[in-house]
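What follows is each chain in one-letter form.
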Amino acid sequence: MTETRIAESRCPNCGWHVSHTTNVDGEDIAPECGQLTLCYFCGAVMIFDAGLKPRWLTQDELENVLADRKLVFKLAQLVETLRFMPKGN
Ligand SMILES: [Zn+2]
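Residues numbered from 1 in each chain as written. Predicted model: local features only at pLDDT ≥ 70, side-chain atom pairs only at ≥ 80, totals over all residues.

## Some points on the overall build of the chain
If you tally the helices and strands in the chain, you get two helices and five strands. Traced from its N-terminal end to its C-terminal end, the chain shows the element sequence β-β-β-β-β-α-α. Taken over C-alpha atoms, the radius of gyration comes to 12 Å for the chain, in line with the 12 Å a tight globule of 89 residues would show. Within the chain, the proportion of its 89 residues that are buried is 10%. In the chain, the share of contacts with a sequence separation of at least 24, taken over all contacts with a separation of at least 6, comes to 43%. (Helix = DSSP H or I, 4+ residues; strand = E, 2+ residues; numbered from the N terminus. Rg over C-alpha atoms; globule rule 2.2 N^0.38 Å. Buried ≥ 20, exposed ≤ 12 C-beta atoms within 10 Å, placed from the backbone. Contact = placed C-beta atoms within 7 Å.)

The following block contains the structure:
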């Protein structure tokens, strides 16, 4: 997994300081506008805006995510994994 530095911002849910992102698929792909992201601290599901800052999903974006059962299952697994990751920002 490759960690990529992104513009500094805050998680809109918990205020966690965001400055890096990691592609959990293990592929060396740079983050892009429109990709889903999870807050490392609280597990909030968000999406990258054009400046690669995490924002809440719109209603349409959320409905699209919820319609994809495999994606919902994967997100749930990731959120559960994040619960046990060390925090120290
Ligand atoms: Zn958060």
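## Details of the environment of Val 72
Tracing the chain through its elements places Val 72 in helix H2 (residues 69–83). Residue Val 72 is classed as partly exposed on the basis of its 13 C-beta neighbours within 10 Å. Considering only alpha carbons, one finds Val 72 and Asp 28, 44 residues apart in sequence, at a separation of 23 Å. Filtering out sequence-adjacent residues up to four positions away, Val 72 remains in contact with Val 65 and Leu 66.

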